[in-house]
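These are the residues of each chain, in order.
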Amino acid sequence: MEYISTRGSAPALDFAGATLAGLASDGGLYVPSAWPRFSEAEIAALAGMPYAELAAKIMWPFVEGSLAYDRLLELTTAAYGRFSHKAVTPLRQLDEQNWLLELFHGPTLAFKDVALQMLGLLFEEFLGRSDRNLTIVGATSGDTGSAAIDAVAGRDKVQIFMLHPKGRVSDVQRKQMTTVLADNVHNIAIEGSFDDAQAMVKRMFNDTVMTDRFAIGAVNSINWARLMAQVVYYFAAALQLGAPARKVAFSVPTGNFGDVFAGYVAAQMGLPIEKLIVATNVNDILHRALAHGDYSQGTVTPTEAPSMDIQVSSNFERLLFDVGGRDGKALAAQMAGFEASKAMQLTNAQREGAAALFQSAAADADAMRDTIRWAREACGELIDPHTACGLYAARNGGIDPAVPVVTLATAHPAKFPDAVSRATGEHPVLPARVGDLFEREERMVELSGDYDAVAAFVAEHATAKV
Ligand SMILES: *Cc1c(COP(=O)(O)O)cnc(C)c1O
């Protein structure tokens, strides 16, 4: 498979190249040059497979040319062998129509493990064939950082530098990052907000003093390999509910539009999806874009679902590219306009293309709390605040009662215990596998919000690219 940039002027790459590159050199995102398509019979034949095998079958057309099938299967078996549930992403029924797809059985209790456990292995595989060293630099509001660190800790030829805003991630999230003591892991607590940390990372990607010396890679969802890995659980869930003979709808708690774009990819591959419901919190740029065509950046309001406190959704560009006719030049101009004015209107083609599959809803604080309470009282389930946004949108989405609606449960409730106990009066318990987290030693450096201090720290500890 060949990968092209959404902005039309970066060189096309193979899967290995796109995985190591992260962002394309023209500022765009890599997408497959065409969607692989499974026939109805091919989809039906996937039913009942163990998750790791299903994953290899779904990923195969995307990686072909960069990995042999048997090697791919070894990697999916290793990645998903670390999950604490045999089904990897089990489905749970809530009521007649609603289901939860539990994506939090990985090592750090959020859905990001599903993609990052695979990405860590892919980095090691592709770097092992070359003499390259990779320097991953990322900013996190919590979940990406812990999942990425777990995925690359101790791996050869990779160093990871993860910036988090000091004092603004939860204790569980911080400890999941800082108690990983491997030599290639560097946690940096910076003074300032997540946006400040993110701005420093973006600056480093464009800092030629740094990029001349280091191969700087990305682990956020601009990396195509992450989205590819997430396509698998849409198939897994739909197959269990009767696909391809029966359509299924999904409700997806959304921030950067990565997870829900993976659902869009599943639909392009032939999975019969009735609707993809984009669920946001009050940071509702995506809801406004899908409902009114208005993609304009507001200021971020902190909520109890912090991993969705986002006002620019990087992966939305991939959708605009695909539904807008795959015109890289036109999209580059549209995105340049957005970057200059922080606002843009979707074209008619983009609005109509998106409306065919997507609908959206935004949950405010009351809706989140009431939904957490409903899940506990009516269904006996503790859910986290991100999942609650999804379930709120699922229950209010007006989907045909004959169609099952699967809400993606993106985090374990014990990752966000305060919000859960405020809503239900119950304190969710951390699973035994992470039980001694609070006794483990922590290691991190604290730096000011000054870019030069962060760049100097990275330069001192990273390994040059060759
Ligand atoms: C990252 C995250 C999200 C948002 O996922 P996107 O791919 O950015 O849309 C939702 N819920 C949780 C718990 C997350 O960690």
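It should be noted that the structure appears before, not after, this text.
Here's a quick rundown of the structure. It should be emphasised that the depicted structure is a prediction, and the values quoted were computed from it without experimental measurement. (Residues numbered from 1 in each chain as written. Predicted model: local features only at pLDDT ≥ 70, side-chain atom pairs only at ≥ 80, totals over all residues. Heavy atoms only, no water.)

### Quick word on the overall build of the protein chain
Keep this limit in mind: Numbering of helices and strands runs from the N terminus; a helix is a DSSP stretch of H or I covering at least four residues, while a strand is a stretch of E covering at least two. Whether a residue is buried, partly exposed or exposed follows from its accessible area with a 1.4 Å probe, protein chains only, as a fraction of its type maximum: under 20%, in between, or over 50%, in that order. Note on contacts: a residue pair qualifies if any of its non-hydrogen atoms lie within 4.5 Å across the two residues. With residues, only the protein chains shown are counted as cover, and all accessible areas are computed by Shrake-Rupley using a 1.4 Å probe. His is not counted, nor are the chain ends, whereas Lys and Arg count as positive and Asp and Glu as negative. A single reference atom marks each charge: NZ on Lys, CZ on Arg, CG on Asp, CD on Glu.
A tally of regular secondary structure across the protein chain gives 19 helices and 16 strands. Taken along the three principal axes of its C-alpha coordinates, the protein chain extends 60 × 50 × 50 Å. Counting across all 466 residues of the protein chain, residues that qualify as buried make up 60%. Summarising the internal contacts of the protein chain: among those between residues at least 6 apart in sequence, 75% fall at separations of at least 24. By element, 49% of the accessible surface of the protein chain is carried by carbon and sulfur atoms, the whole surface being about 17200 Å². Here the protein chain contributes 39 positively and 54 negatively charged side chains, and the mean placements of these two sets differ by 1 Å.

### A short note on the nonpolar core
Filter applied, for reference: Among the buried residues, those of types Ala, Val, Leu, Ile, Met, Phe, Trp, Tyr and Cys that are joined through side-chain atoms within 4.5 Å form a nonpolar core.
One finds Y80, W224, Y234, F235, F250, F316 and F358 to be the most contacted residues of the largest nonpolar core, which totals 111 residues. A per-element tally of this core places helix α10 (residues 224-240) first, with 14 residues. Contacts of F316, omitting those with residues within four sequence positions, involve N256, F257, L286, A289, L290, Y295 and L346. Counting 21 residues, the second largest nonpolar core, distinct from the first, contains I188, V454, A455 and A459.

### Things to note about helix α5 (residues 112-128)
Our working rule: Take the number of residues in a helix, subtract one, and multiply by 1.5 Å to get its expected span.
Relative to the 24 Å expected for 17 residues at 1.5 Å per residue, α5 spans 24 Å between its end C-alpha atoms, a close match to the ideal helical length. Within α5, 15 of the 17 residues are buried, which leaves the element mostly enclosed by the surrounding structure.

### A look at the sheet that holds strand β10 (residues 248-253)
Defined as follows: DSSP calls a pair of strands paired once it identifies at least 2 bridges connecting them. To get an axis, fit a line to the C-alpha atoms, keeping to the stretch in contact for a helix; angles then go from 0 to 180 degrees between the N-to-C directions.
A sheet is described by the order of its strands in space; here six strands give the open sequence β4-β5-β15-β10-β11-β14, paired in mixed fashion. In the strand order of this sheet, the two ends are held by β4 (91-93) and β14 (358-362), each with one partner. Between one strand axis and the next, the sheet turns through 25 degrees on average, direction left out of account. In this sheet, strand β15 (residues 405-409) lies alongside strand β5 (residues 98-102) in parallel orientation, the contact comprising five bridges. Paired with L101 across the strands is L408, a residue of β15. Contacts from helix α17 (residues 385-395) reach β5, β10, β11 (273-280), β14 and β15, with the element oriented near 170 degrees to β15.

### Things to note about the packing of helix α4 (residues 69-80) against α5
As a reminder, the rule being used: Roughly parallel refers to an angle under 35 degrees, roughly antiparallel to one over 145, roughly perpendicular to one between 65 and 115, and oblique to any angle outside these ranges. For a crossing to be left-handed, the near helix must be turned anticlockwise from the far one by less than a right angle; the clockwise case is right-handed. By the convention adopted, Pro, Cys, Tyr, Trp, Phe, Met, Ile, Leu, Val and Ala count as nonpolar, Lys, Arg, Asp and Glu as charged, and the other residues, Gly among them, as polar.
Between α4 and α5, the least distance of the axes is 9 Å, while the angle of their chain directions is 135 degrees. Comparing their axes, α5 and α4 come out oblique. Considering how the two elements wind past one another, α4 and α5 form a crossing that is right-handed. Between α4, through R71, L72, L75, T76, A78, A79 and Y80, and α5, the contact on the second element is made entirely by V114, Q117, M118, L121, L122 and E125. Residues belonging to the contact of α4 with α5 are distributed by class as follows: nine nonpolar, two polar and two charged.

### Observations regarding helix α6 (residues 143-152)
For α6, a buried count of nine out of ten residues is recorded, marking the element as mostly surrounded by other parts of the structure. Looking only at α6, the buried set comprises D143, T144, G145, S146, A147, A148, I149, A151 and V152. In this structure, the buried residues of α6 make contact with α5, β6 (134-139), β7 (158-165), α7 (171-178), β8 (185-190) and α10.

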